[in-house]
Amino acid sequence: MSSTLTVHHLRRSQSERVTWLCEELEIPYKLVSYDRDPQTMSAPEDFRKLHWAGTSPIIEDGNIVLAETGAVFEYIQTKYANGRLSLPPTHPQYADYLFWLHRANGTLQPGLINLMFCRINGTPDDDFGRQHTQKRIDENFQAMDLQLSRFPYLAGDEFTAADCMTVWSLTTLRLFIPYGFEKFPNIVKYLERISQRPAFKKALEKGDPGLKPVISVSPPENLLV
Ligand SMILES: N[C@@H](CCC(=O)N[C@@H](CS)C(=O)NCC(=O)O)C(=O)O
């Protein structure tokens, strides 16, 4: 298959999900990588000027420039995947597929980022907003662990884009906010399985050379913020 797709990848960021998706789909793409500003951890100016959103991921395809992971996934899946890595509405696990595909960016990511800022700002543990967000995240991990005790992947028996969408929040994001999975053995086993996938390894090698997948039970020690 030919493609004119360029993935603009900010290292140590959630655009890891897009390079991984492309590797799983075996789509040809051009990868352009950028480093975060070491002081602010923001995207550099040459990345920010690609799209007003200035956030990673950003893709280019012909004269289209697109940001926002959910939109980028839908674009790639619709234009280049021909149904691969998604489940059709007739599939018995279609609803699970949709739920976990959207749960990652709709609830999990915003919650975890909120907790990251609480930590950076020194928000007290008993702050109402912090407690509320923590409860949501704990419930999410519990539900995810239960699902993964029944099935090998989030949508069920098949590996799908819902896995590509979610794993970053369970791995590399932990370099920014330390949380462990001591209470969630099925998430840990799932991450071990995922880390063995050739496309996952390839995406990390290409986009974030030297980054060891953060799949440990306990939080990583060398945080980036
Ligand atoms: N909801 C957005 C969030 C994107 C986002 O915040 N990306 C972070 C990287 S993990 C970013 O670009 N940070 C650098 C910056 O804001 O300068 C998406 O899924 O694309």
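Look up: the structure comes first, before these words.
Given the structure is predicted, the values throughout are model-derived calculations rather than measurements. (Residues numbered from 1 in each chain as written. Predicted model: local features only at pLDDT ≥ 70, side-chain atom pairs only at ≥ 80, totals over all residues.)

Chemist: Tell me about the overall build of the chain, and name the residues and values.
Modeler: Looking only at helices and strands, the chain features eight helices and four strands. Starting at the N terminus, the α and β elements of the chain follow one another as β-α-β-α-β-β-α-α-α-α-α-α. Its C-alpha radius of gyration of 17 Å places the chain within 12% of the 17 Å reference for a compact globule of 225 residues. Expressed as lengths along the three principal axes of its C-alpha atoms, the size of the chain is roughly 50 × 45 × 30 Å. Considering the chain as a whole, with its 225 residues, one finds that 33% of them fall into the buried category. Across the chain, the fraction of contacts at a sequence separation of at least 24, relative to all contacts at a separation of at least 6, is 69%. (Helix = DSSP H or I, 4+ residues; strand = E, 2+ residues; numbered from the N terminus. Rg over C-alpha atoms; globule rule 2.2 N^0.38 Å. Buried ≥ 20, exposed ≤ 12 C-beta atoms within 10 Å, placed from the backbone. Contact = placed C-beta atoms within 7 Å.)

Chemist: Before we move on, can you summarise the sheet that holds strand 1 (residues 5–10) with the specific residues and values?
Modeler: Sheet architecture is open: four strands sit in the order 2-1-3-4, paired in mixed fashion. Sheet topology places strand 2 (30–34) and strand 4 (64–67) at the edges, where each strand pairs with a single neighbour. Pairs of neighbouring strands in the sheet enclose a mean axial angle of 20°, with direction left out of account. Against the sheet, helix 1 (residues 16–25) engages strand 1, strand 2 and strand 3 (58–61), with an angle of about 140° to strand 1. (Pairing = 2+ DSSP bridges. Axes fitted to C-alpha atoms, helices over the stretch in contact; angles between N-to-C directions.)

Chemist: Report on the nonpolar core, specifying residues and quantitative values.
Modeler: Ranked by internal contacts, the top residues of the largest apolar core, which has 49 residues, are Leu21, Ala161, Ala162 and Ile187. With seven residues, helix 6 (residues 161–170) is the largest single contributor of residues to this core. The residue makeup of this core includes at least three contributed by each of domain 1 (5–81) and domain 2 (94–197). Setting aside chain neighbours within four positions, we find Ile187 in contact with Phe141, Met144, Asp145, Leu148, Leu170 and Phe181. (Core = buried A, V, L, I, M, F, W, Y, C linked by C-beta atoms within 7 Å. Domains from an automatic or database assignment.)

Chemist: Any details on the pairing of strand 2? Residues and values, ideally.
Modeler: Looking at chain direction, strand 1 and strand 2 are connected through five bridges and run parallel. Each bridged residue has a counterpart across the sheet, and for Val7 the counterpart in strand 2 is Leu31. Once the chain exits strand 1 it traverses helix 1 before rejoining the sheet at strand 2, and the crossover so formed is right-handed. (Right-handed = clockwise from strand over helix to strand, strands pointing away.)

Chemist: Now, about unusual backbone geometry: what can you tell me, with residues and values included?
Modeler: In the segment running from Ser56 into Pro57, the intervening peptide bond is cis, with an omega of 10°. Tracing the chain through its elements places Pro57 in the loop between helix 2 (45–48) and strand 3. Positive phi outside glycine occurs at Arg12, with the angle close to 55°. Within the fold, Arg12 resides in the loop between strand 1 and helix 1.

Chemist: Would you mind going over the packing of helix 1 against helix 8 (residues 198–207) in detail, with residue names and values included?
Modeler: Contact geometry of helix 1 with helix 8 gives a least axis separation of 8 Å together with a crossing angle of 130°. The pairing of helix 1 with helix 8 is recorded here as oblique in orientation. In this structure, helix 1 meets helix 8 at a crossing whose hand is right-handed. Together, Glu16, Thr19, Trp20, Glu23 and Glu24 of helix 1 and Ala199, Phe200, Lys202, Ala203, Lys206 and Gly207 of helix 8 make up the contact between the two elements. (Parallel < 35°, antiparallel > 145°, perpendicular 65-115°, else oblique. Left-handed = near helix turned anticlockwise from the far one by under 90°.)

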